[in-house]
Amino acid sequence: MQLTAVGLNHQTAPLSIREKLAFAAACLPEAVRNLARSNAATEAVILSTCNRTELYCVGDSEEIIRWLADYHSLPIEEIRPYLYTLDMQETVRHAFRVACGLDSMVLGEPQILGQIKDAVRVAQEQESMGKKLNALFQKTFSVAKEVRTDTAVGENSVSMASASVKLAEQIFPDIGDLNVLFIGAGEMIELVATYFAAKNPRLMTVANRTLARAQELCDKLGVNAEPCLLSDLPAILHDYDVVVSSTASQLPIVGKGMVERALKQRQSMPLFMLDLAVPRDIEAEVGDLNDAYLYTVDDMVNIVQSGKEARQKAAAAAETLVSEKVAEFVRQQQGRQSVPLIRALRDEGEKARKQVLENAMKQLAKGATAEEVLERLSVQLTNKLLHSPTQTLNKAGEEDKDLVHAVAQIYHLDK
């Protein structure tokens with residue numbers, strides 16, 4: 001069992017694969033608890049966002065992959081080509097880079113840090129974290145704070161939320177003339193809705209599973225916003241020019257038939273649809289319809305690249321700082337692993353000291369001179385302390401050069 005990470009992201013897997021391996025927020029506590037109590041791992045944190053699913057564990061990487069495939073009822077052969085498996089040092093570096101926004105679709109974006117903190121909080125609540133993962137993520141949060149403070153990697157960053165408005169503006173000349181519908185009321189929808197609200201659209205509606213949560217978001221927006229239920233969508237969809245969806249549903253909420261009916265009622269007026277959910281909320285076939293402009297998170301890449309050159313220069317400084325922090329963390333962890341060995345070594349030394357001291361006291365009691373006792377004590381102590389390394393070297397001979405070199409280093413005999 002060692003510190004490891006298994007995962008996939010927007011660079012290694014298309015949306016069609018990412019949505020199969022995503023963990024819904026409602027299922028995450030049970031999943032991370034199950035993983036940490038399985039044969040695959042003894043500690044676990046699961047990070048699942050629209051761009052990545054990553055399992056940070058103390059465990060066996062092959063067993064973790066098996067667990068992931070079994071959990072989602074998928075053949076290992078189907079998912080393995082899209083997965084990366086990281087060893088201890090690679091896991092540390094990856095966690096630091098992800099938290100700093102260096103591995104994000106939007107370079108330097110800050111939202112991922114909050115998502116990692118949420119994943120860690122869930123793992124802590126499920127008691128699936130131990131000393132190793134606690135140490136890793138405490139250091140991760142510290143490094144992320146330092147990188148964002150000391151470098152400009154997060155500056156000039158175009159977020160997914162602001163990019164949503166930019167994309168809509170490429171289709172419609174004035175957001176102020178539009179009716180905008182938001183499906184869901186979670187963090188992503190709240191961020192996107194805030195950017196749209198700043199453009200003062202004619203009407204904003206939040207559709208959610210519960211009316212109370214939809215009303216709560218409408219109150220926050222402070223504009224002409226009204227709530228409705230998801231069950232109202234078929235009857236109202238045609239009234240909206242822009243639809244942005246991001247829920248935790250495992251099945252599509254908006255189907256091709258629903259959109260077809262809405263488009264007929266709109267009489268060829270275009271309908272802009274942005275699906276930011278993983279798994280997807282809007283059936284992919286909607287994109288085949290005339291006058292329906294459907295975009296997913298993977299379609300946002302070009303939009304979010306503005307300001308990339310300036311951020312990349314800052315990213316170089318951030319990468320240097322991350323490398324330093326990785327080396328520092330690894331040294332700390334290796335030092336902690338040596339503590340039991342150091343303690344055992346000192347215990348052996350103390351045992352030898354007590355034995356020769358006891359013999360010396362007996363010799364003094366028998367009338368031996370102090371000079372004789374001290375001479376014998378020094379010889380006995382030297383023999384006891386050097387017996388094990390001498391015996392080891394005799395057995396090693398010239399064949400085990402690494403062991404010979406190690407003993408030479410320990411006793412400063414290199415010269």
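Here goes a summary of the coordinates provided.

Cut-offs used in this document
Residues numbered from 1 in each chain as written. Predicted model: local features only at pLDDT ≥ 70, side-chain atom pairs only at ≥ 80, totals over all residues. Heavy atoms only, no water. Helix = DSSP H or I, 4+ residues; strand = E, 2+ residues; numbered from the N terminus. Rg over C-alpha atoms; globule rule 2.2 N^0.38 Å. Buried < 20%, exposed > 50% of the residue type's maximum accessible area, 1.4 Å probe, protein only. Contact = heavy atoms within 4.5 Å. Areas by Shrake-Rupley, 256 points an atom, 1.4 Å probe, with all protein chains shown as cover. Pairing = 2+ DSSP bridges. Axes fitted to C-alpha atoms, helices over the stretch in contact; angles between N-to-C directions. Salt bridge = Lys/Arg side-chain N within 4 Å of Asp/Glu carboxyl O. Phe/Tyr/Trp six-rings, centres within 6.5 Å; stacked < 30°, edge-to-face > 60°. Lys NZ or Arg CZ within 6 Å of the ring centre and 35° of its normal.

To continue, consider the overall build of the protein. A tally of helices and strands in the protein yields 15 helices and 10 strands. A globule of 415 residues ought to have a C-alpha radius of gyration of about 22 Å, yet the protein, at 31 Å, is considerably larger. Based on the C-alpha atoms only, the size of the protein along its principal axes is roughly 115 × 45 × 40 Å. Taking all 415 residues of the protein together, the buried fraction comes to 46%. Taking all contacts inside the protein whose residues are at least 6 apart in sequence as the whole, residues at least 24 apart take part in 69%. Of the accessible surface of the protein, which amounts to about 21400 Å², a share of 50% is contributed by carbon and sulfur atoms.

Strand order in the open sheet formed by 4 strands is 2-3-1-4, with antiparallel pairing between adjacent strands. The outermost strands of the open sheet, each flanked by one partner alone, are strand 2 (41-48) and strand 4 (84-86). Taking each pair of neighbouring strands and ignoring which way they run, the sheet shows an average axis angle of 15 degrees. In this fold helix 2 (residues 28-36) packs onto strand 2 and strand 3 (52-59), with an angle of close to 150 degrees to the strand it touches most, strand 2.

The omega torsion of the bond from Val278 to Pro279 falls at 0 degrees, within 30 degrees of zero and hence cis. With a phi angle near 55 degrees, Glu127 is a residue other than glycine that sits in the positive phi range. Position of Glu127 among the secondary structure elements: in the loop between helix 6 (111-125) and helix 7 (131-150). Look at Asp291: it is not a glycine, yet its phi comes out positive at around 75 degrees. Turning to its location among the elements, Asp291 is positioned in the loop between strand 9 (271-275) and strand 10 (292-296). Judged by relative accessible area, which is 30%, Asp291 ranks as partly exposed.

Strands sit in the order 7-6-5-8-9-10 across an open sheet of 6 strands; the sheet is parallel. The outermost strands of the open sheet, each flanked by one partner alone, are strand 7 (225-229) and strand 10. Each neighbouring strand pair of the sheet contributes to a mean axis angle of 15 degrees, computed without reference to strand direction. Taken together, the 4 bridges between strand 5 (residues 179-183) and strand 8 (residues 242-245) define a ladder with parallel strand orientation.

Structurally, Leu178 is set in the loop between helix 8 (160-171) and strand 5. When the C-alpha positions of Leu178 and Pro201 are compared, they lie 5.4 Å apart, and in sequence the two are 23 residues distant. The contacts of Leu178, once residues within four sequence positions are left out, are Phe172, Pro201, Arg202, Leu203, Asp241 and Val242.

The next subject is the environment of Glu190. Locating Glu190 in the fold gives a position in helix 9 (residues 187-197). Note on Glu190: relative accessible area 23%, which makes it partly exposed. Separated by 166 residues in sequence, Glu190 and Ala24 place their C-alpha atoms 18 Å apart.

The next subject is the environment of Phe172. In this structure, Phe172 sits in the loop between helix 8 and strand 5. Once the C-alpha coordinates of Phe172 and Pro270 are considered, the two residues, 98 residues apart in sequence, prove to be 9.0 Å apart. Once you skip the residues sitting within four places of it in the chain, Phe172 turns out to touch Leu178, Asp241, Val242, Pro270 and Phe272.

Two side chains with opposite charge may pair up if their charged atoms get near one another. The full count for this structure, using the stated rule, is 20 salt bridges. Connected via shared salt-bridge partners are Arg52, Glu54, Arg97, Asp103 and Glu319.

Quick look at the packing of aromatic side chains now. All told, the structure shown has 8 aromatic pairs when counted by the stated rule. Aromatic side chains Phe96 and Phe329 sit 6.3 Å apart centroid to centroid with 75 degrees between the ring planes, which places their arrangement in the edge-to-face category. One end of the pair, Phe96, is in helix 5 (residues 88-99); the other, Phe329, is in helix 13 (residues 308-365), with 233 residues separating them in the sequence. Residue classification places Phe329 among the buried residues on the basis of a relative accessible area of 2%. Here the aromatic rings of Phe182 and Phe196 are separated by 5.9 Å at their centres, their planes lie at 65 degrees, and the arrangement is edge-to-face. With a gap of 14 residues between them, Phe182 in strand 5 and Phe196 in helix 9 connect regions that are remote in the sequence. Grouping residues by exposure puts Phe182 and Phe196 together as buried. Through a chain of ring-to-ring contacts, the aromatic side chains of Phe23, Trp67 and Tyr71 assemble into a single cluster. The aromatic ring of Phe141 is capped on one face by Lys117, whose charged end is 5.6 Å from the ring centroid.

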